[in-house]
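Now for the letters of each chain:
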Amino acid sequence: MTDLLNATKRTIAWSVVGITAVVSLLAAAVLSPTVAMSQTQCPSLQSGDLVQFGDSSSVYMLNDNLERLYFPKAEVFNSWFEDYSGVNKVPKTCSSVFPSASSVPTGVVHRPGSALITTQVTNDIFAVGPNNTLRKLDNPQIAEALYGVDWKSQIVDVADVYRPDYVNTGSDITSKTPHNGMLVTKSDSNKVYHVMNGELSEVTGSIPSHLMEDVETVSDSVFNSLPMSGSTVTSASITDNPLQAGQSSQQNNNNNNNNNNNNNNTTTAQSDLNLSLSANTPQSQTIPASSTHVGYLKFNATAGNQAVTLNNIDVQRFGLGNEDDFGDVWLEVNGEP
């Protein structure tokens, strides 16, 4: 049978403002006597968190499905992070709670503008753009204009097994115009600019060393090939999305084409509310008779760029049994009813 347990029997209204609320659905049960199954206790993590299992030296990042993505090399990790201070060390037994990614990308790739890429089966050289995109450099002259006389030293040979993680292929770079994701400056300036949407935005505040290493000094003509955006960005905003998710291949190609024409009007909408299943949501189990405060479901609610008020939640119940088995159902937000 299927029953719909409507959690709005008790008024639910709270605001999620720039944080993740851990929401738990609990129940007081009156079921037949039996022994409850044990559960592995793993930390509550969310999309974008870094994890390390047991004594392993490998570091992973969790995607929106709480699946783990590998970093193929330390240089990929270092293109995004200054150090390893943000890594969560979790028990090795939790690796099954955070399984390997089931579809590409299964790994994190280089930050846009931080490396030039080639593969074992081609002589082509690619620049890395936003959204896990590779864009072929048309000729060595363009490579030198954008990445300097030592551009060959920045080429990274990507093994075939990792190539599918660059899920998008953008248009070829056919002009000496900085591409989206690059950090550029001029020889007579101490200012650094980030290229996005075919425009230059000044990077304000301190710039960590791992980003400064990727700043390219370009000529005046190359620099002036792009307009100023009139806005500024911070170092944190440049490195805040290693997952590079949220834009389709077609949208990305449109951005790449418009970038070559110095006229990009494409924007990407951000979700106002993201819901994801918590790693600590209870597993299937049998509950002893007269149990109370039994965790039934746990999920994360994260606001986007605007405050969100969640007014009601409907929970659908499947399986044998009767809805009278539940004496009461309620929600807790960050541990508070």
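Residues numbered from 1 in each chain as written. Predicted model: local features only at pLDDT ≥ 70, side-chain atom pairs only at ≥ 80, totals over all residues. Heavy atoms only, no water.

**As for the sheet that holds strand E17 (residues 228–234)**
- Ordered in space as E16-E13-E14-E15-E17, the five strands form an open sheet in which the pairing is mixed. Every other strand in the sheet has two partners, leaving strand E16 (215–218) and E17 as the edge strands with one partner each. Mean inter-strand twist for the sheet, computed between neighbouring axes without regard to direction, equals 40°.
- The pairing of strand E13 (residues 183–186) with strand E14 (residues 193–196) spans two bridges and is classified as antiparallel. Across the sheet, the residue bridging to Leu-183 is His-194, located in E14. (Pairing = 2+ DSSP bridges. Helix = DSSP H or I, 4+ residues; strand = E, 2+ residues; numbered from the N terminus. Axes fitted to C-alpha atoms, helices over the stretch in contact; angles between N-to-C directions.)

**Observations regarding the confidence of the model for the chain**
- Per-residue pLDDT for the chain has a mean of 80; in total, 68% of the residues score no lower than 70.
- Counting interchain partners and residues more than four positions distant, the pLDDT-below-50 stretch residues 29–39 has 29 contacts. (pLDDT = per-residue confidence, 0-100. Contact = heavy atoms within 4.5 Å.)

**As for the environment of Leu-243**
- Tracing the backbone shows Leu-243 in the loop between helix H5 (235–238) and helix H6 (249–260).
- Residue classification places Leu-243 among the buried residues on the basis of a relative accessible area of 14%.
- Along the primary structure Leu-243 and Asn-132 are separated by 111 residues, whereas in three dimensions their C-alpha atoms are 8.5 Å apart.
- Aside from chain neighbours lying at most four places away, what touches Leu-243 is Ser-47, Gly-48, Met-61, Leu-62, Asn-63, Leu-69 and Asn-132. (Buried < 20%, exposed > 50% of the residue type's maximum accessible area, 1.4 Å probe, protein only.)

**Regarding the sheet that holds strand E12 (residues 168–169)**
- Read across the sheet, five strands follow the order E11-E8-E9-E10-E12 without closing on themselves; strand pairing throughout is mixed. What marks the edges here is a single partner per strand, and that holds for strand E11 (155–158) and E12.
- Pairing between strand E9 (residues 126–129) and strand E10 (residues 133–136): four bridges, direction antiparallel. In the sheet register, Phe-126 faces E10, and the bridge partner there is Lys-136.

**Here's the deal with the side chain of Gln-244**
- One can find Gln-244 in the loop between H5 and H6.
- For Gln-244, a relative accessible area of 13% corresponds to the buried category.
- Sequence-distant contacts of Gln-244, that is, excluding residues within four places in its chain, are made with Trp-80, Pro-112, Gly-129, Pro-130, Asn-131 and Asn-132.

**Topic: the pairing of E9**
- Residues of E9 alternate between two faces, with Phe-126 and Val-128 on one and Ala-127 and Gly-129 on the opposite face, all of them buried.
- Direction of pairing for strand E8 (residues 116–119) relative to E9: antiparallel, over a ladder of two bridges. Across the sheet, residue Leu-116 finds its bridge partner in E9, namely Ala-127.
- Taking the residues that link successive antiparallel strands as the turn, the E8-E9 hairpin has six residues.

**Re the pairing of strand E15 (residues 199–204)**
- In terms of strand pairing, E14 meets E15 through four bridges, oriented antiparallel. Residue His-194 lies in a different strand from E15, and its bridge partner there is Ser-201.
- Taken together, E14 and the strand that follows it, E15, pair antiparallel across an intervening segment of two residues, in which Asn-197 is found at a positive phi of about 55°.
- With four bridges connecting them, E15 and E17 associate as parallel partners. Within the sheet, the bridge partner assigned to Thr-204 lies in E17 and is Thr-234.

**Notes on the side chain of Thr-118**
- Within the secondary structure, Thr-118 sits in strand E8.
- Take Thr-118: its relative accessible area is 11%, and that puts it in the buried class.

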